[in-house]
Amino acid sequence: MLNKGLPEKDLFLFFAQKKGEDLDHDYILSSMCTPPHPVAVRAHCMFIETNLGDPGLFLGTASLEKLLIERLGTLFHHPTAGGYATSGGTESNIQALRLAKEQKKEIPAPNVVVPESAHFSFKKACDILSLEMRTVPLDSTLKMDAAKAAEIVDKNTICLVGVAGTTEYGLIDPISELAAIASERDIFFHVDAAFGGMVIPFLDHTIPFDFSLPGVTSIAVDPHKMGMGTIPCGCLLTRQPDMLTSLNIDTPYLSVKQEYTLAGTRPGAPVAGALAVLDYLGVEGMQAVVAGCMKNTWRLVDGMETYGIPRAVTPDLNVATFICKDVPDRWKVSWTRRGHLRIVCMPHVHRDRIEAFLEDIGELYA
Ligand code: 0PR
């Protein structure tokens, strides 16, 4: 630490320089996050000092968290769902597996069954919780093979996981079939909709992935991805309103005497930010954002295929993947484990960015 503090001007000159070293979002095609909506930023700043880890001190902020869960529960066809705001998909997935483990404490060697496409947060979760992670192969369309999942699940399975919006390919696993398998065998079924949860309800066609399916026990959804909220904000929702209390531990000197969250100190600011976006845009506003992202995704797929660069799969959501070797350096893209080019058409990836990318690609491949 510096012995003598810096003048504010110098400090912020230094910060401005460091900010300038970050990549420009105009060229970021690989991210599942996006610059937050202005109303999210405004709400975030308004609640900057709040700590949901001691909710009795921030009653208004705590009521915003309840509202956020209620809004998302309603969106997912279950207005009385339980839940809380996490730091993102990783924490939601860890907590879902903790919940599942808690429900089946009597099982001595518990396992969790996830698709090969599951986000790496499940590996972290299984590691922390000492759970065996069983991986289900994907079918030819790169979705979880439900028949194989049914074979792999056994009496020691404490949780089945399906992904609604895979990280790498933007695909939705056969959630209805998986929910039926879980229901039939009385297994906790967690849907990782960290990405898709803020997209699927706003598409112009219905894809069941939520509490409308009786077998779905819990859902992870991240406002800090397609919800255009400020980072960090994820949410874990449970069908049973009070299921999370099974994780309660005593917190004797806080304003609440028990808590089930993973983190202690928790920011209220991104919770306000997430709610601000939902209430400001409403369903119609979100539908417009999602429609724009999907339109750009198809434009990109069409444009690439015109150059003879085929899609790797036909995505369900706004993630486009291609059989392609190389892209011009200035574009920040990502590559899947199977070696496919991956581009996420987030809200900041406007049509003009897609056209500029296609133009550059055209120079390489046309
Ligand atoms: N589940 C799914 C389906 C995800 O796609 C992700 C993250 C998670 C869970 C974990 O969420 P958190 O990262 O919020 O804990 N998906 C992106 C990924 O790992 C996250 C990301 C976002 C990565 C922006 C890079 C980036 O620039 O690819």
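Enquirer: For the overall build of the chain, give the residues involved together with the corresponding values.
Expert: Along the chain, the regular secondary structure elements total nine helices and twelve strands. The globule rule puts the C-alpha radius of gyration for 366 residues at 21 Å, and the 21 Å found for the chain is close to it. Reported as C-alpha extents along the three principal axes, the dimensions of the chain are approximately 65 × 60 × 45 Å. Contacts in the chain between residues far apart in sequence, at least 24 positions, make up 72% of those at least 6 positions apart. For the chain, the exposed area adds up to about 16,900 Å²; of that, 56% sits on carbon and sulfur atoms. On the chain, the mean spot of the 33 positive side-chain charges and the mean spot of the 44 negative ones are 3 Å from each other.

Enquirer: Go over the site of the ligand with me, naming the residues and quoting the values.
Expert: Inspection of the region around the ligand gives 17 residues, with T90, H119, T167, D192 and K225 positioned closest. With respect to the ligand, the side chain of T167 contributes an N or O atom lying 2.7 Å from an oxygen atom. Contact distances for the ligand include 2.7 Å between a nitrogen atom and a side-chain N or O atom of D192. Protein burial of the ligand: of its 590 Å² of free accessible surface, 75% is covered by the chains. At three residues, helix α4 (residues 89-103) tops the list of elements feeding residues into the shell around the ligand. Of the residues that make up the shell around the ligand, three or more belong to each of domain 1 (17-37 + 282-365) and domain 2 (38-278).

So, how was this worked out
Residues numbered from 1 in each chain as written. Predicted model: local features only at pLDDT ≥ 70, side-chain atom pairs only at ≥ 80, totals over all residues. Heavy atoms only, no water. Helix = DSSP H or I, 4+ residues; strand = E, 2+ residues; numbered from the N terminus. Rg over C-alpha atoms; globule rule 2.2 N^0.38 Å. Contact = heavy atoms within 4.5 Å. Areas by Shrake-Rupley, 256 points an atom, 1.4 Å probe, with all protein chains shown as cover. Lys, Arg positive; Asp, Glu negative; His and termini not counted. Charge placed at Lys NZ, Arg CZ, Asp CG, Glu CD. Near = heavy atom within 4 Å. Polar contact = N/O pair within 3.5 Å; in protein donor to acceptor, adjacent residues only side chain to side chain. Domains from an automatic or database assignment.

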